[in-house]
Structures are given as structure tokens and as C-alpha cells.
Protein chains: 2
Amino acid sequence: MSRDQQRSRARARRDAGPLRQLPWRQVRNPFPPVEVLSADQVEAIHKASLEVLEDIGMEFLDDGAIDLLARAGASVDRGNQRVRLDRGLVMEQVAKAPSAITLHARNAERSVTLGGDRINFCMVASPPNCSDLERGKRAGTYQDYCDFLRLAQSLNIIHFLGGYPVEPVDLPPETRHLDCYMGYITLTDRAWHPYSLGRARIMDGLAMLAIARGTTIEALEREPGVISVVNTNSPLRLDGPMIQGLTAMARHNQPVVVTPFTLSGAMSPATIVGALVQQNAEALAGITLLQLVRPGAPALYGGFTSNVDMKSGAPAFGTPEYTKAALAGGQLARRYGLPYRSSNANASNAPDAQAAYESEMSVWGAVMGHANMVLHGAGWLEGGLTASFEKVMIDAEILQMIAEVLRPIEVNEAAFGLDALREVGPGGHFFGAKHTLDRYETAFYTPILSDWRNFETWRATGAQTAAQRAHRLYKDVLGAYQPPPLDATIRTELDAYVARRKKEIAAEG
Amino acid sequence: MSRDQQRSRARARRDAGPLRQLPWRQVRNPFPPVEVLSADQVEAIHKASLEVLEDIGMEFLDDGAIDLLARAGASVDRGNQRVRLDRGLVMEQVAKAPSAITLHARNAERSVTLGGDRINFCMVASPPNCSDLERGKRAGTYQDYCDFLRLAQSLNIIHFLGGYPVEPVDLPPETRHLDCYMGYITLTDRAWHPYSLGRARIMDGLAMLAIARGTTIEALEREPGVISVVNTNSPLRLDGPMIQGLTAMARHNQPVVVTPFTLSGAMSPATIVGALVQQNAEALAGITLLQLVRPGAPALYGGFTSNVDMKSGAPAFGTPEYTKAALAGGQLARRYGLPYRSSNANASNAPDAQAAYESEMSVWGAVMGHANMVLHGAGWLEGGLTASFEKVMIDAEILQMIAEVLRPIEVNEAAFGLDALREVGPGGHFFGAKHTLDRYETAFYTPILSDWRNFETWRATGAQTAAQRAHRLYKDVLGAYQPPPLDATIRTELDAYVARRKKEIAAEG
């Protein structure tokens, strides 16, 4: 190789940065979903959940929602805000939700579709703490929040943001959302997530999204660009701020994921099927409300059924019960023609083997259950109480591997390599065969974190575990991070909006 | 609780030993297999592999096998021991192999079926080294060999032994097999594996099995009790000792797993489909030979296609290509109505997150590919060069979780828990509900290794990773180990056999 060629290769490697990752793409899932329930069992769960909504009902802690439900024919007890929904009403409304949703990113190349055979991966969302091997576990700050966004932006396998990757608890809660939205918009070009905690947080999100996209809030209705996840207050309750938030989202045609957090043995019955009945009842109730706010409002069916450790009451994730519930949740979502959300969850306290095997159990449940959105895709640790910088990189490897498994095998005459087999013959090897050399660069998946060197080399260079390598890698990725382009006038306009709103909120306070 | 009750509970916990594991059972896989290839693609691979056997052929380095193949109509070049097999011959012979095999253990309760929807897990097999966190990596000894067998016997999720869990390199190679068989028989009550390295090692195995079962070698033909794995010398070669071993196995109706080790980019073309064509050709050639030795001889189709790191040539396992090949291998095995063998493999140098996520990718490939036998189920590390004591416990957890995922969800009125939902109502919790208390002991999977305690408790008690906990656990299990019962006269007879054979082999030497 000439010195020029060497220089050019070195430059290419440098430009690629520390990550030799797969290119951005929308991932399709070609496999038929695994059905852990028979068709009869799906119907039995469906019917039991409708019975729950008819007989026990659900609490809606918002008078506006109760009015809306009453006008639609629901039986309302205003004294205790209990609403009983008959099955005809529920099924009529749920049928109005679309089966696929396009979520438009600021960078049109990062727009995604939620539905059909698409599977999308999100960052971890909402832990109050973060950790890395150097500084340990600590409360999240805005600096950490921004670093997680920089990682998300750097990773092609992260399709959009499904919540704050860590809660920046150093910022005042009343205006925190403005800074967080600013981070989403300036540090990433992905679609993002405002929290459904009252109407104002959603409207600020839409206003800032409109500025970022150079359009109006009204025009955003035609091109939804934010998505909000609502965890019902299981069992059988939706609180006021949540209702006001999801109402604002639906009114503006932005997608809402209704995800009951049905922890079997705690907030749900101590059987998987009981938790699924409750999950289904709560999801259908939430989606019914969304459709009453705006017929055809985009909605995802969220499944997040897991179980507690019955000895201690501690929540567990990535358990066998969790995996089966993830598969069953997909069957229920498809029963209603709704896009499906699942998660990458685990209960480990460290980015170790347990974190990896519990995460894999969750991810395979999501994949074989045909989730369209995998929330907490990268970085979740400790049952969701901590966002781990190392776990982000471990999960990015796992998600890339899954995406490659889902890519069909190339089958054709050239790939068969019969000529190479003839050339090499019995007892030979293929290292120098033309068929091999032709495929040198692209034949197989190249990992970003896995270490395949032999033991002696690995030991001689420090015997680092995957978590230790992930530590170095996340720092390298942060070091190489470049913000996506953003028009300076848009930036100015966003700054002005945030400044004005902070003043207004302070005045209100 | 009275003091008597407390004492009785404490006793039960002590009797259960350090492992609160699932009971022994045969695991069924209720899911339809995932098809990563279309039916047309399976046929194309099938045809290409028959073309390989017809046009390129395969080397059989044994004159007896060449005679047998020539008599059956194969085209033989005795000069270079190359045999070309026409497709009619191959398909006629392969059709004679049974679709399911029962492997009889010394303890009849530990007998297993290989075929249909059964999935069985084996220990790691054949690494020359072993390791644990305390002593690090070292060459395997007979003491280590016996300790791995003690773990296998202690773990209900290990269905049988598919090879020496570690090679006891402190024993002389000529008589090592006698000591190893003695270990299998006295330390476990599972079915086990003699290596197909010449006829004598197989015949010693059958003789010792016959003594252990109180029967004759001839009678063992009706109740096969050992299984041997043959890795073809890829590409396209079967060596002499291997052929003599598999011939002795087939002659006595003991099952043989024909597993080409088709490492794409090294011993096989640098495409997954090319490696699958070669795998299929070699597997069919081996199974053809088995059927010519004894029509109807039990045979498994072994798939072990992975890929090298194209940058370094290092072998990799649990890669996306590996997982897809595991799925495709199942499709090919079913194409011929043969039981299927896959593996739990990874390339990590430590029992860390990489070891766990690569293992999970392998195991899910095996499960969704409907493997009937998962070799290297527990303990494999470092691309198979090391058997890890900690990894045994990590894998035991993974395999138990998989077995639980495969257990159907209980769906019935009582499980729905509608009365509990009525009792608890919106906003309540289920900790004290009768429905929960009734299910307190058995509701969910109880892990053997995973730590679900909260972070603060975990940190206060040493912040141990899964690997560190696995270290303590494997030692506790060894400490609590009890050998299975064995008649003293059988033991005496086995000792005499081994002593006599050692003398004979020394005299031959």
C-alpha cells in the first residue's frame, strides 16, 4: 500500500470515529410473531378485560374526560370518578385508531414508521439516577441528560427518543421540560418525547417542535413529530395531569402510547394472565379516551407486564413471565390492529452478565412479539431506577445484533460459493480464496463492543470486561460527538421561546 | 409461626441445598420454528449440497468406509480417498434414519428423547482449559473434570453429558477415556458421551455402560445409552479414527451427531449460505455412512455454522450470522426428518455481559430453530477453549429461564383474578389479596443467580456482579453435592474393567 493510500485509509477510519457501526436504517421484522396464547385464549383475555371495564370500571381523575366519556354513553359515577365502559363503546372507539403511524423527525431521514413489520429502538427513559463505572450511581443532572442525548444521536440503532434518558433533577421541575426539549432539538435530529404531565408541557413541546421545523402547531397535525408514553396508574386509574397531557397530544394528532405498568403480584393479580387482563382493560380504556378526543388519533398499545419477587416484593424484569407477557401483548395489540410497544428491561444493579441475559430475554420477547417500538432500548439498569452509560453501549451492540438477525440471509448462486469449495477442496481453508477476498469488508457483522481476540492478547491488554470496554467506548463516542446542523435563526427563536416561557412560569408560580 | 414450624421450614431450606432450582423435566418447545429461509431457499441449499457431494465429493480416510460406500454405488477414487455420492444414494440412506431417539440413562428417570418438540440441554464439552475467578485460566485436570460432572449432576436443567466438560490433560491420553467414563458413571446418573476416536474408545464405553446397567453390549442396542458427536474435518473430510468410532457406534445402534464445524471465512466459504451448503453436504455424507453401517442407525443433524472476524481471522460465536445459521440448520434438519443439534456458544474471554449476550443469541437461535439437543449448554467460554465454573451457573440460570418461557401460560377463570381486581379496585395493590396469597410460593420463576434486591442492599452486601455470585454458588453446589446411588458390586466390576484395560493398553503401547 502506498503512503497516500495508507493516509487515506487512516483518514477514513478517523472520520468514522470510535464507532464502526451499522448505517441508519428502518428495521423490518420478517419473522412471523410467536404466539404464546391460542386464538381462544386471546379472546378469553379480551372478553375478561371488557368485563373489567363494564363491571369494575376505571377511575378518570379529570372532569373533562368524564364529561366526554358520559356523552359517549359511558356509565359515570361522578362521586368517585369511576367510569364504566360498555364493550360496544370501547370496540367502536378503538377501531378508529390507525394501524400504522409515521413519526416525523426534524431531519426527515430520521423519520420512522410505527406499525406493520417495523421495529424501532429508543433510548432508556425516565430514570432518576445515572451511573458509570468511574463515578458510580448518582442523581441525574442536565449535563448527564445531554450526554445521553449525544450518545443517542451518535448511535444509528437508536431510532428516536422515548423520554428523558435520565431525569435532570438539578433543574427546577416547573421549567425543566423547556431545557429538556431544547436538548432534544439541538443535540439530536431524532423524533422525541414530551411528558403527558398536564396540558402546558405538551403545548410547549408542540410550540418548540413547530419552531424547530419552521412550521405551525396546526401544520404539525399532518406530520406528527413527538410521541408521549402514558403509564396508567395501575390498577384501573388515570390521573388528571396524565389525562390533560394525553388529551392535548390527541387533539393535535400526536401519537400516545398507553402503557399500563402491570406488575404482577403488586399492582396486578399474581398471575401473568390476570396482569394481561388488567393491562388490556387499561390500554383499551386509554385508547378509547384518545379516540373520543379526536377520532383517528394515533395510539400505540403498550405492554409492560412483569412480576415481583414474591419473597421480597421487589420488581423483576426480563423474567420468563416478562418474556411471555411481551409475546402475549403483541397478540393482543394485533387483535385490535394497533402498533405495539414493548421494552428492553432488566433488574440488575450492574452492567454485568445478569443485565445482559435479562435484557436479551426482554428484547427477544419484543422481537418475537413483533413490537414496533422498543422503549428503554439502550441504557436501562436497576429496574429502571438508573440510566447506565456503559449499558447504553452494551445494549447498542445487542440491538445491532438483533437488527442483523432480522436481515434476510442472501441466497443466490454466487453466495453458495461452490467454485470456492472446488478451489479449496477437502481439508483446505478459505482465507485466501477469491470468494473470501471479494467479501472481505462486508461479509459479517462487525461488533462495536465485543472482544473476539484470543485470551492471551486480551489478558495482555488489560483483561477488560465488556462493561470496562463499554466505559471507554462511551467516552470515546462522547468525545467524537458532533451536533446535527440547526439553522441559527431557529436556534435564536427557540432560545427566545424558552426565555419567555420561563418568565411566564415564574410569574405563575 | 410456631417454633416447630420455623424449624421445619429451616430444615426444608437446608435440604434443598444452595440451589432452589426447577424440578427435573423433559422440556417441550411449543412454538413453531422460525423460518429464516423460504421453502425455495431450503431446496436450493439442499440441491447445492447434493451437487457438492456429487461433483466435488468428500474424503473418507478409512478403507473400510470406502469399501462400504463403493459397494453402495458411490464413485470412489482410492488414490486420494475421495468419494463422490450421487443424490439418489444419499437421499435413500438418509431417509432410513429415525426422526426421534430415546437415550436411556443409568437412572431411568433421567432418560431423554431427542426429536419432535423436545429440547435437551447438555454441559459444555471438550475445552482443554478451565477457569474460575479465584484460580484463573489453567489446563483442565481430572479433579476439574469431576467437579464439572458434580455440577451437571446437581443441575436439573442439564439433561445429559455431550462430551468431557473439560479435557483432563493430567491423565495419559491412551487411558484417559476409562477414567472419564468412570467419572460419568459414578458421579452422575445421566446419559453420556464417548468420543469417536477409534473403535476401542467406543467399545470400552459400551462395555462400561453394559456393566453399569447390569446388561450386555448386545442388549444396549435396544436401549441406546451413549451418544457421540463427530465434527467432520471441514471442509469435506472425515478422518480415520472418527470413521472407526462412528462405525462402532452405529453398529451397536448408539446415536451419533454429525456436526460439521463450518466456520464461515475459514473452513467454509465467507457467506452464511455457502457455509450452510457445506454443512449440509458434510452432515448428509456422515449420516449416509452411518446408515450404510446399520440401516436405521440413530443420527442427529448437527449445525455449527459461525463466522470468523474477517479482520483477524479469529472465530466468533453467538453472532447474528451464527443465530441465523442456527435457525436455518433447524429447517434443513426438518427437511430430512432428523433430530437437530445446536449449541450455546460465545467468544468472550470472561463471564461478563458479552458472554451472556452472545450466549443468549445462540440459545434463542437454538430454541427458535427447534434444536432437540443444545450442546455446550452450560459453561462454554472463550470460543470453546475454556470451561468456566462461573459460566456454568450463569448458563443454568439462562437455560432455566428459557425452559420457563417455553411452559405455556395458565389461562383459566381462576387465573384471571377478576375477583381480586374487584376486591382491590382502582389505585389499590395486590400484595395482601387472597388471590396473591394463594399463589405466594409458586406464582413466578425463582432465580438461582439473579439478584433482584434494591441497589442499596446490593451495595451494602458487597456489590457483587453475577460472575462473583456465580463463583460462590458453584462452590456451594459442589459442597452440597451427593453422588447418585450405585450398586457396590457394579462399582467393583467397573474398577476391575478399568484396571484390566489399563494393563492391556499399557501392554499394547
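Residues numbered from 1 in each chain as written. Chains lettered and ligands numbered in written order. Predicted model: local features only at pLDDT ≥ 70, side-chain atom pairs only at ≥ 80, totals over all residues. Heavy atoms only, no water.

**Regarding the relation of the copies chain B and chain A**
- Least-squares fitting of chain B to chain A yields an RMSD of 0.0 Å, with the transformation described by 0.0 Å of translation along the axis and a rotation of 180 degrees. These values place the two chain copies in the arrangement generated by a two-fold rotation axis. Distance from the rotation axis, computed per C-alpha, reaches its smallest value in chain B at Ala353 of chain B: 2.0 Å.
- Comparing contact sets, 99% of the residues at the interface of chain B also lie at the interface in chain A, consistent with an isologous, same-surface contact. (Least-squares fit on C-alpha atoms with pLDDT ≥ 70 in both. Contact = heavy atoms within 4.5 Å.)

**Here's the deal with the interface of chain B and chain A**
- On the chain A side, the residues contacting the 112 residues of chain B number 111 residues.
- For the pair chain B and chain A, the summed buried area comes to about 9,500 Å², and 70% of that belongs to carbon and sulfur atoms.
- Along the contact surface separating chain B from chain A lie 6 salt bridges.
- Salt-bridge contacts for Glu51 of chain A lead to Arg422 of chain B; the nearest nitrogen and oxygen are separated by 3.5 Å.
- Inspection of the chain B/chain A interface yields 28 residue pairs in polar contact (both at pLDDT 80 or more).
- The element that contributes the greatest number of residues to the side of chain B that touches chain A is helix H12 (residues 353–368) of chain B, accounting for 9 residues.
- A per-class count over the side of chain B that touches chain A returns 60 nonpolar, 25 polar and 27 charged. (Buried area = accessible area lost by both parts, 1.4 Å probe. Salt bridge = Lys/Arg side-chain N within 4 Å of Asp/Glu carboxyl O. Polar contact = N/O pair within 3.5 Å; in protein donor to acceptor, adjacent residues only side chain to side chain. Helix = DSSP H or I, 4+ residues; strand = E, 2+ residues; numbered from the N terminus. Nonpolar A, V, L, I, M, F, W, Y, C, P; charged D, E, K, R; others polar.)

**Description of helix H19 (residues 488–508) of chain B**
Residue and element names in this part refer to chain B.
- Spanning 21 residues, H19 covers 30 Å between terminal C-alpha atoms, matching the ideal 30 Å at 1.5 Å per step.
- Taken together, the buried positions of H19 are occupied by Ile490, Leu494, Tyr497, Val498, Arg501 and Ile505. Down the axis of H19, the buried set is contained in an arc of 95 degrees. They therefore lie on one face. Exposed positions of H19 whose direction lies more than 90 degrees from the buried face are Ala488, Thr489, Thr492, Lys503, Ala506 and Ala507. (Expected span 1.5 Å × (residues − 1). Buried < 20%, exposed > 50% of the residue type's maximum accessible area, 1.4 Å probe, protein only. Arc of directions from axis to C-beta.)

**Side note on the packing of aromatic side chains**
Residue and element names in this part refer to chain B.
- Throughout the structure, instances matching the rule amount to 39 aromatic pairs over all chains.
- Aromatic pair Phe317 and Trp380: ring centres 5.4 Å apart, planes at 80 degrees, arrangement edge-to-face. Note that Phe317 is positioned in the loop between strand S16 (315–316) and helix H11 (320–335) and Trp380 in strand S19 (residues 380–381), a separation of 63 residues in sequence. Taken individually, Phe317 and Trp380 each receive the classification buried, so the pair is uniform in this respect. (Phe/Tyr/Trp six-rings, centres within 6.5 Å; stacked < 30°, edge-to-face > 60°.)

**Brief notes about the packing of helix H7 (residues 199–213) of chain B against H19 of chain B**
Residue and element names in this part refer to chain B.
- Interhelical geometry of H7 versus H19 gives an angle of 160 degrees and a closest axis separation of 9 Å. The angle between H7 and H19 falls in the class roughly antiparallel. Relative to H19, H7 is oriented so that their crossing is right-handed. Counted together, Ala200, Met203, Asp204, Ala207, Met208, Ile211 and Ala212 of H7 and Ile490, Glu493, Leu494, Tyr497, Val498 and Arg501 of H19 form the full contact between these two elements.
- Per-class residue counts for the contact of H7 with H19 are 10 nonpolar, no polar and 3 charged. (Axes fitted to C-alpha atoms, helices over the stretch in contact; angles between N-to-C directions. Parallel < 35°, antiparallel > 145°, perpendicular 65-115°, else oblique. Left-handed = near helix turned anticlockwise from the far one by under 90°.)

**Points about the sheet that holds strand S15 (residues 306–308) of chain B**
Residues and elements named next belong to chain B.
- The sheet built from 3 strands is open, its strands ordered S13-S15-S16 with mixed pairing. Only two strands of the sheet have a single partner each, and these edge strands are strand S13 (263–264) and S16.
- Note: S15 against S16, 2 bridges, orientation antiparallel. Residue Val308 lies in a different strand from S16, and its bridge partner there is Pro315. (Pairing = 2+ DSSP bridges.)

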